[in-house]
Amino acid sequence: MNTSALIRPAWTPATIALMVIGFMVFWPLGLAMLAYIIWGDRLDGFKRDVNRATDGIFAGCRRNADKAQRWGRGPGRTGNVAFDDWREKELERLAEERRKLDEMLGEFDEYARELRRAKDQEEFDRFMANRNKHTAPAKPNDDGSKTIDN
C-alpha cells in the first residue's frame with residue numbers, strides 16, 4: 001500500500017479530520033471512516049479474496065461461452081459464410097500486422113538500449129579521463145621541484 005497517500009488506513013491528521021467531519025455531517029460517514037482507519041489495511045486481502053471468488057464463479061460462464069463458440073453458436077460464427085471468411089482473413093491480416101509491430105518494437109528497444117549503452121560508455125570514458133588527469137603523478141621540473149599535470 002502506498003504509505004505516502006494522504007488518506008490511508010492510519011491515524012493521520014487527514015483521516016482524523018475526515019472522521020470528525022463525517023460524524024458532524026452524518027454519523028454513519030464518521031463510523032465508516034473510523035472502520036477504514038482501524039481495518040483499512042485488511043482491504044487488499046479482502047479485495048484479492050473477492051476477486052478470486054468472482055473469477056471462480058464466472059469461469060463457468062466463460063467455459064460455456066467457449067463451448068458455444070466451438071459448436072458454431074455465439075459470437076464465433078454469424079451463419080454468413082462469406083462474412084465469416086472475410087472476417088477470418090481480416091483477423092489473420094491484423095495478427096500479422098501486430099506481429100510486425102511487435103518485431104519493430106523489439107528492434108527499436110534494442111536500438112535504444114544500444115544508444116543508452118554507447119552514451120553510458122562515453123560518459124564513463126570521459127569520467128575516467130578526467131579522473132586520470134586529476135590523479136596523475138607529479139612530474140619533476142628541470143629545477144627539481146614537482147608539478148602536477150592538469
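Each chain has its residues counted from 1, running along the sequence as written. Reporting of local features is limited, given that this is a predicted model, to residues whose pLDDT is at least 70; pairs of side-chain atoms are given and counted only at 80 or more, and all residues count toward the totals for whole chains, interfaces and linings. To get the side-chain values, all heavy atoms of the structure are used, and hydrogens and water are removed first.

Visitor: Even after reading the chapter, I still don't get helix 2 (residues 27-39), so can you show me in this structure?
Guide: An α-helical segment advances 3.6 residues per turn. Residues three or four places apart therefore align on the same side. Counting from the N terminus, the helices are the DSSP runs of H or I reaching at least four residues and the strands are the DSSP runs of E reaching at least two. Take the residue count of a helix, subtract one, and multiply by 1.5 Å to get its expected span. Look at helix 2: 18 Å from first C-alpha to last across 13 residues, which is about the 18 Å you get at 1.5 Å a residue. Those residues of helix 2 that fall on the buried side of the exposure criterion are G30, M33 and I37. Projected down its long axis, helix 2 shows its buried positions confined to an angular sector of 60°, all on one face. Here a residue-residue contact requires only that any non-hydrogen atoms of the pair lie within 4.5 Å. Buried-residue contacts for helix 2 involve helix 1 (13-25). The buried label applies to any residue whose accessible area, calculated with a 1.4 Å probe on protein chains only, is under 20% of its type's maximum; exposed applies above 50%, and partly exposed to all values in between. This arc is built from the directions going out from the helix axis to the C-beta atoms.

Visitor: Looking at this model, I keep getting lost on the packing of helix 1 against helix 2. Mind explaining?
Guide: Each pair of packed helices gets described by two things: the angle between the helix axes and the distance between those axes. Closest axis-to-axis distance for the helix 1/helix 2 pair is 5 Å, and the angle between their directions is 155°. The orientation of helix 1 with respect to helix 2, classified from their angle, is roughly antiparallel. In this structure, helix 1 uses T15, I16, L18, M19, G22, F23 and V25 to contact helix 2, whose residues at the interface are W27, L29, G30, L31, M33, L34 and I37. Residue type decides the class: Asp, Glu, Lys and Arg count as charged, Ala, Val, Leu, Ile, Met, Phe, Trp, Tyr, Cys and Pro as nonpolar, and the leftover types, Gly among them, as polar. Across the contact of helix 1 with helix 2, the residue classes break down as 11 nonpolar, three polar and no charged. For helices, the fitted axis covers only the stretch in contact; all axes are lines through C-alpha atoms, and the angles between them, taken along N-to-C directions, range from 0 to 180 degrees. In these notes the angle categories are as follows: under 35 degrees is roughly parallel, over 145 is roughly antiparallel, 65 to 115 is roughly perpendicular, and the rest is oblique.

Visitor: What should I look at first to understand the pattern of salt bridges in this one?
Guide: Working definition: two side chains of opposite charge can pair if their charged atoms are close together. One speaks of a salt bridge when a side-chain nitrogen belonging to Lys or Arg is within 4 Å of a carboxyl oxygen belonging to Asp or Glu. Applying the stated criterion across every chain, the model contains six salt bridges. The salt bridge partner of R87 is D84, with a shortest N-O separation of 3.8 Å. A residue pair is termed a helical-turn pair when its members lie 3 or 4 positions apart in one helix, as R87 and D84 do in helix 4 (residues 81-134) at three residues. Taking the relative accessible area as the measure of exposure, D84 reaches 2% and is therefore buried. For E90, the salt bridge identified is with R93, shortest N-O distance 2.9 Å. Of this pair, E90 and R93 both sit in helix 4, three residues apart, which is roughly one turn of that helix. Note on E90: relative accessible area 24%, which makes it partly exposed. Salt bridges here are not isolated pairs; linked through shared partners, they connect E96, R99 and E103.

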